[in-house]
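# Structure assessment
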Amino acid sequence: MASADPRTRTQRDGAQRTRDRRVDVFVALGTGVVAIGLLLGLPPLDGLEPDGATLAMRVPAPFTAAWTVLALGLLAQSAALLAARRAPRAVLVAVSVLPVLVAALAPQSLDLFGLTALPVVVAVVLAALRVPLVRLWPTLLVAGALVAAGNAVLSGALGQGVLQAVGAVGLPLLVTLLVRSRREVRAARTAEASAVFREQDALVEAAVSRERAAMARELHDIAAHHLSGIALMAAVIDRQIDSDPERAHEGARQVREQSTAVLDDLRRLVGLLREDVPAERAVETVAGIVDLVERARFRSDVRLDVLAGDHQRGAQAQALADGVGPLAQLAAYRTVQEALANAALHAPSAPCTVTVDDRDEARVVIRVENARAAAPAAPTSPSGGNGLRGMRERADLVGASLQTGPTATGGWLVELALGREAPAAPAQAADGGEVVA
């Protein structure tokens, strides 16, 4: 693919050069045909006028020496336009010099001398389209002076020469500059529209990337929590099916419950992604961690400590994690869910403690700590690590602080600190301080 690009670019450049040459030939040939056609056609047309002197009396007869000099001058001017793309300023000077030579060699061509201004007009247009005015204006002054000089040689009137110079150089220049400015404005608008489209595409790609990352986190949290529990319970069932059939049946029921739970979570996720399907369940909160721990106890030793603050005591007690936003509460729930799944996977026989510290009025701290594993953990996939990465991404999204790492006793600690969007409302004081489940 890479080796084909230079050839394609070369072919494209060659095709463009061919088109440019065809345009140059068409312009030069068209100018020459129009100029010679006027040279041949104007005298007979003027001869048809019923009143006034005819041009035949004031111009050389066709194919005489003076007429031939004028015709050759027009053809030379038209031929010089073939090089207007490569050297526009030099061509403009050349087509302006030739009329001076024609005026000097054929003074009898006064009434048809104005035809020599046609190639000059074309050269001015081509030069103004391809050369910036700041670099072109000296050449324009030279061309105007040459046009005025050629007319002055024939008529002897400098004013008439200046007028023809204005008509042959000044007016075409103004029209061409107007056309070029409109073209540049159109190109700028096109470039601006293209930039806007590219920016929109980049924004869409970034949004899609963020949504994909969010979906990956959600799917990982759901699958890792439930499927790791199913795998552990299946291993226990395999060992108990002969020695303790009753416990094996109980484990099978738990596997079925876990399978149903993961299907429910996946249906809820699909409902959130599809606009025509309403979500079947509300978004999880910090209060849902209690039920999460209860379900985790079926496969491991998990303990829950809820440290309530003053705002959660008395008759006007507030909800757990009051003042924490819904997204932050969902991040806390998913973090605990992932931490419990990791603990069950890497330290299946070790006790685990989940602590929800809601005493601080400015933040809520949630810790999941498991002890050292008493038995070797099951082998894991070498492509792991998505759980910790998802925890950190969720914490960053809601502005929370996450700390993970080994403890001094050989276990593992996950600590998430969530700031409150509004200070927790104070409540009437009452007895009690810690809830242990």
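Below: a short report on this structure. (Residues numbered from 1 in each chain as written. Predicted model: local features only at pLDDT ≥ 70, side-chain atom pairs only at ≥ 80, totals over all residues. Heavy atoms only, no water.)

So, on to the overall build of the protein chain. Scanning the protein chain from N- to C-terminus turns up 10 helices and 6 strands. The buried share of the protein chain, taken over its 437 residues, is 37%. Within the protein chain, contacts between residues at least 6 apart in sequence are counted, and of these 74% link residues at least 24 apart. Roughly 24600 Å² of accessible area belongs to the protein chain as shown, and the carbon and sulfur atoms make up 61% of that amount. (Helix = DSSP H or I, 4+ residues; strand = E, 2+ residues; numbered from the N terminus. Buried < 20%, exposed > 50% of the residue type's maximum accessible area, 1.4 Å probe, protein only. Contact = heavy atoms within 4.5 Å. Areas by Shrake-Rupley, 256 points an atom, 1.4 Å probe, with all protein chains shown as cover.)

Attention now goes to a positive patch on the surface. Where like charges cluster on the molecular surface, the positive patch consists of Arg17, Arg19, Arg21 and Arg22. Tracing the backbone shows arginine 21 in helix H1 (residues 4-47). (Patch = residues over 30% accessible without salt bridge, like charges linked within 9 Å, V, L, I, M, F, W, Y side chains within 5 Å. Salt bridge = Lys/Arg side-chain N within 4 Å of Asp/Glu carboxyl O. Lys, Arg positive; Asp, Glu negative; His and termini not counted. Charge placed at Lys NZ, Arg CZ, Asp CG, Glu CD.)

Attention now moves to the packing of helix H8 (residues 289-296) against helix H9 (residues 326-346). In contact at an axis separation of 10 Å, H8 and H9 are set at 15° when each is read in the N-to-C sense. Classed by the angle they form, the pair H8 and H9 counts as roughly parallel. When the axes of H8 and H9 are compared, the crossing they make is right-handed. Contact with H8, carried on its side by Ile289, Leu292, Arg295 and Ala296, involves Ala332, Tyr333, Val336, Gln337 and Leu340 of H9 and no other residues of that element. (Axes fitted to C-alpha atoms, helices over the stretch in contact; angles between N-to-C directions. Parallel < 35°, antiparallel > 145°, perpendicular 65-115°, else oblique. Left-handed = near helix turned anticlockwise from the far one by under 90°.)

Next up on the list: the pattern of salt bridges. Following the criterion strictly, the structure yields 7 salt bridges and no others. Residues aspartate 24 and arginine 85 are paired through a salt bridge, measuring 3.1 Å at the closest nitrogen-oxygen approach. Highlighted residues: aspartate 24 in helix H1 and arginine 85 in the loop between helix H2 (65-80) and helix H3 (88-105), separated in sequence by 61 residues. The closest approach of N and O atoms between arginine 420 and aspartate 358, which form a salt bridge, is 2.4 Å.

Between its first and last C-alpha atoms helix H5 (residues 133-155) spans 31 Å; for 23 residues at 1.5 Å apiece the expected length is 33 Å, and the two agree. For H5, the principal kink sits at threonine 139 and spans about 25°. Every buried residue of H5 is listed here: Leu136, Thr139, Leu140, Ala143, Gly144, Leu146, Val147, Ala148, Gly150, Asn151 and Leu154. One or two steps after H5, the chain reaches glycine 156, where phi turns positive at roughly 75°. (Expected span 1.5 Å × (residues − 1). Bend = angle between axes of the 7 residues up to and from the residue.)

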